[in-house]
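# Fold and geometry: a report
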Amino acid sequence: MNKFMEFLEKFLLPIADKLNNNRYLSALRDGFMVALPLIIFGSIFVVIANFPFLDRLLSEDAFIAYQNALGPASAATLSIMGTFVIIGIGYKLTEHYGLEAIYGGVVAFAAFLILTPQILEGVSGVIPTSSLGAQGMFLGIFTAFISAELYRFFVQKNWTIKMPDGVPDAVSKSFSALIPISLTLSVFLLIRIIFSYTPFDTVQNFIYTIIQEPLTALGSGLPATVIAVLLIQLFWFFGLHGQIVINSVFDPIWYALNDENLHAFQAGTELPNIVTKQFIDTFLVGMGGSGMTLAVIILIFMIGRSRQLKELGKLGAPAGIFNVNEPIIFGLPIIMNPLVIIPWLLAPVVITFITYFAMSTGLVPPPAGIIVPWTTPPLISGFLATGNAWQGAVLQAFNLLVVSIIWWPFLKIMDKNYYESEQKASKDTNEKAS
């Protein structure tokens, strides 16, 4: 065990540290965080628009009118979530360099629009919303990175217009950004012209065909998902926020898969993907936090004899219900604790297999693409994420039972050790007092 941990420390921690501090992955992660409130807003109204049995309670015309009235909430947020992510990435990366971040955000969005096909069903000057959502996500990410770097390059070369003293600050900054923005957008306009002479016609078609489709297919598969889940647990074990590290890489893929499911759900067609953002967030992380430690808290109340674990259970339960598990991670502890490494790594992998099997066989509907807030308690989140299907809640309950079974012998050993130590300490204290 010691040699295994030394191996992981030597090879895994440096990689995780580099990923965690990489400015592009940080900007990507923060860009999604900028978009998250808007995504959740749209998701809430998707749930409201698709309440179970509502189509039976209302007449067909009334139900259609009801959905049409609520439709703009998701159309203006979820359907074009790529635009918010692009602006967020450009803003955060430019901010990292200490420049005017707002210009980094808007130049990223403008560069993306230049590269985006502006024609829909033969009508020019129209941008399809699909280009602003999942299909355009990867192009938008690359565009945001490149445009922010070009903008930084031109600013740091001092290719700017200097306004005289006394000019209002907002006007001065606007003119100072004029040349860097113009040069940056000119580069993207040239790229668009060049690609119009290729078989792909547009950069978006090139990115989607060469990069996004293969990566999405890989990320939607069970093997890649298991590896991602396992890495999240490993990083957490060594005190690094595994979700931040891994989600920075996989979020573009998982969100794209999520968006495909949402469009299918809204259209009433078969959901194409099992693994999505909500597959991870609802059926793994969304059951007490990383490692599904709500099961550990339940076990503590069931079998705990030691005062230490009982107090930890009381402390961790309120937060664990809302998927915050730092009290358990640092209080049990989980970090660098050889006693828990087996259940900590094994349980999420087992649950990944169980959840994938349940959805692939049709026992449980796949996630409907609805972004459920990560603080939503288990059972409720499973119901909502699967498009108001009771099977989602049942699967979460079953998964918690499985995690509890995996953890039971290890937690029993820890509790016994803590209890015996407490008894010995109490005995020593009484002997000294007498």
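The rules behind each value
Residues numbered from 1 in each chain as written. Predicted model: local features only at pLDDT ≥ 70, side-chain atom pairs only at ≥ 80, totals over all residues. Heavy atoms only, no water. Helix = DSSP H or I, 4+ residues; strand = E, 2+ residues; numbered from the N terminus. Buried < 20%, exposed > 50% of the residue type's maximum accessible area, 1.4 Å probe, protein only. Areas by Shrake-Rupley, 256 points an atom, 1.4 Å probe, with all protein chains shown as cover. 1 Å grid on protein atoms, 1.4 Å probe; cavity = no way out; pocket = protein on both sides within 12 Å on 5 of 7 lines; lining within 4 Å. Points joined across faces, edges and corners; volume = space filled by probe spheres on them. Nonpolar A, V, L, I, M, F, W, Y, C, P; charged D, E, K, R; others polar. Expected span 1.5 Å × (residues − 1). Contact = heavy atoms within 4.5 Å. Polar contact = N/O pair within 3.5 Å; in protein donor to acceptor, adjacent residues only side chain to side chain. Core = buried A, V, L, I, M, F, W, Y, C linked by side-chain atoms within 4.5 Å. Axes fitted to C-alpha atoms, helices over the stretch in contact; angles between N-to-C directions. Parallel < 35°, antiparallel > 145°, perpendicular 65-115°, else oblique. Left-handed = near helix turned anticlockwise from the far one by under 90°. Patch = residues over 30% accessible without salt bridge, like charges linked within 9 Å, V, L, I, M, F, W, Y side chains within 5 Å. Salt bridge = Lys/Arg side-chain N within 4 Å of Asp/Glu carboxyl O. Phe/Tyr/Trp six-rings, centres within 6.5 Å; stacked < 30°, edge-to-face > 60°. Lys NZ or Arg CZ within 6 Å of the ring centre and 35° of its normal.

## Remarks on the overall build of the protein
When helices and strands are tallied, the protein shows 18 helices and two strands. Its C-alpha atoms put the protein at 85 × 65 × 45 Å along the principal axes. When burial is assessed residue by residue, the protein has 50% of its 434 residues classed as buried. Carbon and sulfur atoms form 67% of the exposed surface of the protein, whose accessible area is close to 20,500 Å².

## Regarding empty space enclosed by the protein
Enumeration over the complete set of coordinates arrives at two cavities of 30 Å³ or more. By volume, the largest cavity is sized at about 80 Å³. Considering the residues around the largest cavity, the lining is formed by Val229, Ile232, Gln233, Ile280, Leu284, Val285, Gly289, Ser290, Gly291, Met292 and Pro348. Of all the secondary-structure elements, those providing two or more residues to the lining of the largest cavity are α10 (222–237) and α12 (277–285). Here the residues of the lining of the largest cavity sort into seven nonpolar, four polar and no charged. Roughly 30 Å³ of internal volume is contained in the second largest cavity. Around the second largest cavity sit Gln278, Asp281, Thr282, Gly286, Asn323, Val372, Pro373, Trp374, Thr376 and Ser381, which together line it.

## A word on helix α5 (residues 81–96)
Note: α-helices contain 3.6 residues per turn, so residues at a spacing of three or four share the same orientation. Compared with an ideal rise of 1.5 Å per residue, which puts 16 residues at 22 Å, α5 spans 23 Å between its outermost C-alpha atoms and is within 8% of the ideal. Of all the residues in α5, the buried ones are Met81, Gly82, Thr83, Phe84, Val85, Ile86, Gly88, Ile89, Gly90, Leu93 and Thr94. Buried residues in α5 make contact with α2 (23–49), α6 (101–115), α7 (137–156) and α11 (242–267). Phi turns positive one or two residues past the end of α5, at Gly98, with a value near 75°.

## Some details on the side chain of Thr282
Mapped onto the elements of the fold, Thr282 is located in helix α12. Excluding its chain neighbours within four sequence positions, the residues that come into contact with Thr282 are Met287, Ser381, Gly382, Ala385 and Gln396.

## What about the side chain of Thr202?
Among the secondary structure elements, Thr202 is positioned in the loop between α8 (169–195) and α9 (203–219). Here Thr202 falls in the buried class, since its relative accessible area comes to 9%. Of note is the side chain of Thr202, whose polar atom sits 3.1 Å from the backbone nitrogen of Asn205. Among residues more than four places away in sequence, those in contact with Thr202 are Pro117 and Phe195.

## Describing unusual backbone geometry
Note the cis peptide between Leu332 and Pro333, where omega equals -10°. Structurally, Pro333 can be placed in the loop between α15 (326–331) and α16 (341–360). Phi is positive for Leu379, close to 80°, though the residue is something other than glycine. With respect to the helices and strands, the residue Leu379 is situated in the loop between α16 and α17 (380–385). Exposure remark for Leu379: the relative accessible area of 40% places this residue in the partly exposed category. Positive phi values are uncommon outside glycine, yet Asn388 reaches one of about 65°.

## Details of the nonpolar core
Ranked by internal contacts, the top residues of the largest apolar core, which has 111 residues, are Ile89, Leu332, Ile334, Trp344, Trp407 and Leu411. Looking at which element gives the most residues to this core, the answer is α7, with eleven residues. With residues near it in sequence (within four places) discarded, Leu332 still touches Val296, Gln308, Leu309, Leu312, Pro327, Val340, Trp407, Leu411, Met414 and Tyr418.

## Digging into the packing of α5 against α6
Helices that pack against each other are described as a pair by the angle of their axes relative to one another and the distance between those axes. Running from amino to carboxyl end, α5 crosses α6 at an angle of 140°, the nearest separation of the two axes being 7 Å. Comparing the axis directions of α5 and α6 gives the class oblique. At the point where α5 passes α6, the crossing takes the right-handed sense. Facing α5, whose interface residues are Thr83, Ile86, Ile87, Gly90, Tyr91, Thr94 and Glu95, α6 presents Ala101, Ile102, Gly104, Gly105, Ala108, Phe109 and Phe112.

## A short note on a nonpolar patch on the surface
Residues Phe153, Trp159, Val171, Phe175, Leu178, Ile179 and Leu183 make up a contiguous nonpolar surface patch of roughly 550 Å² in combined accessible area. Among the elements that line the nonpolar patch, the one with the most residues is α8, at five residues. Checked against the element boundaries, Leu178 lands in helix α8. For Leu178, a relative accessible area of 41% puts it in the partly exposed group.

## Examining the packing of aromatic side chains
Under the criterion given, the structure shown has eight aromatic pairs. On the numbers, 5.4 Å between centres and 55° between planes, the contact of Phe195 with Phe206 is tilted. With a gap of eleven residues between them, Phe195 in helix α8 and Phe206 in helix α9 connect regions that are remote in the sequence. Phe206 gets classed as partly exposed once you look at its relative accessible area, which sits at 26%. Here the aromatic rings of Phe200 and Phe206 are separated by 5.1 Å at their centres, their planes lie at 85°, and the arrangement is edge-to-face. Residue Phe200 is classed as partly exposed on the basis of its relative accessible area, which comes to 27%. One aromatic cluster in this structure is built from Phe153, Phe154 and Trp159. When the ring centre of Tyr97 is taken as origin, the NZ or CZ atom of Arg152, which lies over that ring, is 4.8 Å away.

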